[in-house]
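Observations on chain architecture
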Amino acid sequence: MSIKKSNDTIGNQTRDLPACSAMPQPTALPRAPIVVVVVVVVVVVVAVVVVVVVVVVIIVVVVVVVVVVVVVVVVVVVVVNKVILDKTIK
């Protein structure tokens, strides 16, 4: 078994190789514990559900307001027409 020297020859060039201890060792990225991942996923899902519910409630409120306004307009038109009809008949 041969031991590597601190220099290496490539073609006609000689270069110094860094010692093994000088080379940065690759490190694995730290991983979050599974509990943290699960909590983050649950929080995101709950936030999305809350946003969807709020949007649906806003849509329902807008629809109810529009229906009430339409009903009020129809009632006013009917009453005004009745009053006009009653006046013209007399």
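For the structure itself, consult the block above.
Read on for an overview of the structure. (Residues numbered from 1 in each chain as written. Predicted model: local features only at pLDDT ≥ 70, side-chain atom pairs only at ≥ 80, totals over all residues. Heavy atoms only, no water.)

1. Structural notes on the overall build of the protein chain
Test applied: The helix and strand labels rest on DSSP assignments: H or I over at least four residues marks a helix, E over at least two residues marks a strand, and numbering proceeds from the N terminus. Using a 1.4 Å probe on the protein chains alone, a residue whose accessible area is under 20% of its type maximum counts as buried, one over 50% counts as exposed, and one in between counts as partly exposed. Accessible surface is estimated by sampling points in the Shrake-Rupley manner with a 1.4 Å probe; for residues, cover comes only from the protein chains shown.
Across its full length, the protein chain carries one helix and two strands. Scanning the protein chain from its N terminus toward the C terminus, one meets helices and strands in the order β-β-α. Across the 90 residues that make up the protein chain, the buried fraction comes to 0%. Summed over all atoms, the accessible surface of the protein chain reaches about 8600 Å², with 77% contributed by carbon and sulfur.

2. With respect to the pattern of salt bridges
Spelled out, the test is: Counted as salt bridges are all cases of a side-chain nitrogen of Lys or Arg within 4 Å of a carboxyl oxygen of Asp or Glu.
For the coordinates displayed, the defined rule picks out one salt bridge. Note that Lys-82 is salt-bridged to Asp-86, the shortest N-O span being 3.4 Å. In this pair, Lys-82 and Asp-86 are both assigned in helix α1 (residues 34–89), four residues apart and thus about one turn of the helix distant. Look at Asp-86 and you get partly exposed, because its relative accessible area is 36%.

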